[in-house]
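# Fold and geometry: a report
If you want the building blocks of each chain, they are given just below.
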Amino acid sequence: DIQMTQSPSSLSASVGDRVTITCRASQSISTYLNWHQQKPGNAPKPLIYAASSLQSGVPSRFSGSGSGTDFTLTITSLQPEDFATYYCQQSYSMPPTFGGGTKVEIK
Amino acid sequence: QVQLVQSGAEVKKPGSSVKVSCKASGGPFRSYSINWLRQAPGQGLEWMGGLIPMLGTPNYAQKFQGRVTITADELSNTAYMELTGLGSEDTAVYYCARGGTLMVCDHWGQGTLVTVSP
């Protein structure tokens, strides 16, 4: 199975900050990388697919980049509703696997 | 608008089985994948398996082979996940998720909490 490693596992940030989360795959996955946002008690919400394409309705302050093994999720100007846990997920080969998550907390 | 509605919370005894349903509406059913994932308390997301109804044959994660059965009823646009031989480690929220392929999760159900307790 492809291992997905996220860093950091948690971070504290203020409203308006720029936040970057990284995700590394144990082997090349091209751009078969998706990002999901999860708030406590809720189901995950898809944010980005194919490494850099925003899902419908996702604000433009979210962006994704990368290919191969290294990927980033960037949130420019963090908003109160962005405090959540973010997961990367590879859809390159079976079984699909997720990173351990990055919890974005209020500083 | 695609919507996935799952069945309600369950409390099960160790060694028993649970069957969770996921009813889809607002879009095609048979040509899209239905994936099943779970999330143990305070933990991350784990893919259990999935199927594309029109293809019929499900795929399962090796970890759950022999214990999980995923099916779909095209007449009612409902998918099911049955997990047998429950243990305390199976206490988790179980999600269904739909996507264009087996590994894609573009729409999620609300989740079903399964608690395994003596």
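Everything in this summary refers to the structure shown in the same document.

Cut-offs and rules
- Residues numbered from 1 in each chain as written.
- Chains lettered and ligands numbered in written order.
- Predicted model: local features only at pLDDT ≥ 70, side-chain atom pairs only at ≥ 80, totals over all residues.
- Heavy atoms only, no water.
- Helix = DSSP H or I, 4+ residues; strand = E, 2+ residues; numbered from the N terminus.
- Rg over C-alpha atoms; globule rule 2.2 N^0.38 Å.
- Buried < 20%, exposed > 50% of the residue type's maximum accessible area, 1.4 Å probe, protein only.
- Contact = heavy atoms within 4.5 Å.
- Salt bridge = Lys/Arg side-chain N within 4 Å of Asp/Glu carboxyl O.
- Pairing = 2+ DSSP bridges.
- Axes fitted to C-alpha atoms, helices over the stretch in contact; angles between N-to-C directions.
- Buried area = accessible area lost by both parts, 1.4 Å probe.
- Polar contact = N/O pair within 3.5 Å; in protein donor to acceptor, adjacent residues only side chain to side chain.
- Nonpolar A, V, L, I, M, F, W, Y, C, P; charged D, E, K, R; others polar.

Bringing the overall build of chain B into the picture now. Along chain B, the regular secondary structure elements total zero helices and 11 strands. From first element to last, N terminus to C terminus, chain B shows the α and β order β-β-β-β-β-β-β-β-β-β-β. Taken over C-alpha atoms, the radius of gyration comes to 13 Å for chain B, in line with the 13 Å a tight globule of 118 residues would show. Put simply, chain B has 118 residues, and 46% of those count as buried. Across chain B, the fraction of contacts at a sequence separation of at least 24, relative to all contacts at a separation of at least 6, is 55%.

Another aspect to go through is the pattern of salt bridges. Counted under the stated rule, the structure contains 10 salt bridges over all chains. Here R24(A) and D70(A) are joined by a salt bridge, their closest N and O atoms 2.5 Å apart. Of this pair, R24(A) sits in strand β3 (residues 19-25) while D70(A) sits in strand β8 (residues 70-75), and the two are 46 residues apart along the sequence. Using a relative accessible area of 36% as the deciding quantity, one classes D70(A) as partly exposed. Of the charged contacts in the structure, one is a salt bridge between K12(B) and E10(B), with a shortest N-O distance of 3.9 Å.

Moving on, we get to the sheet that holds strand β1 (residues 3-6) of chain B. All names here are of chain B. Ordered by their spatial adjacency, four strands build an open sheet running β1-β3-β8-β7, and the pairing between neighbours is antiparallel. With partners counted over all chains shown, the strands left at the sheet margins are β1 and β7 (68-73), one partner each. On average, each strand axis in the sheet is inclined to that of its neighbour by 20 degrees, with strand direction left out of account. Here six bridges tie strand β3 (residues 18-25) to strand β8 (residues 78-83), and the two strands are oriented antiparallel to one another. Within the sheet, the bridge partner assigned to V20 lies in β8 and is M81.

Right, let's talk about the interface of chain A and chain B for a bit. Listed by partner, the interface residues are 16 residues for chain A and 17 residues for chain B. Taken together, the two surfaces of chain A and chain B that pack against each other cover about 1300 Å², and 68% of this comes from carbon and sulfur. Of all residues in chain A, P44(A), M94(A) and F98(A) give up the largest surface area on contact with chain B, accounting jointly for 36% of the area buried on that side. Joining chain A to chain B, the criterion identifies zero salt bridges. At the boundary of chain A and chain B, one finds six residue pairs in polar contact (both at pLDDT 80 or more). Secondary structure elements with two or more residues in the side of chain A that touches chain B: β4 (33-38) and β9 (85-90) of chain A. Per-class residue counts for the side of chain A that touches chain B are nine nonpolar, seven polar and no charged.

Backbone hydrogen bonds hold the strands of a sheet together, and the pairing may be parallel or antiparallel. Residue and element names in this part refer to chain A. One open sheet holds the four strands; their spatial order is β1-β3-β8-β7, and the pairing between them is antiparallel. Both edges of this open sheet fall to β1 (4-7) and β7 (62-67), since each of them pairs with a single strand only. Put simply, the sheet's adjacent strands are angled 15 degrees from each other on average, direction ignored. Judged from the six bridges that link them, β7 and β8 form a sheet pairing that is antiparallel. For S67, the partnering residue across the bridge sits in β8 and is D70.

Residues and elements named next belong to chain A. P8 follows S7 through a cis peptide bond whose omega is -10 degrees. Tracing the backbone through its elements, the reader meets P8 in the loop between β1 and β2 (10-13). Phi is positive for S30, close to 55 degrees, though the residue is something other than glycine. Counting through the fold element by element, S30 comes out in the loop between β3 and β4. Phi angles above zero are rare outside glycine, and A51 is one such case at about 70 degrees.

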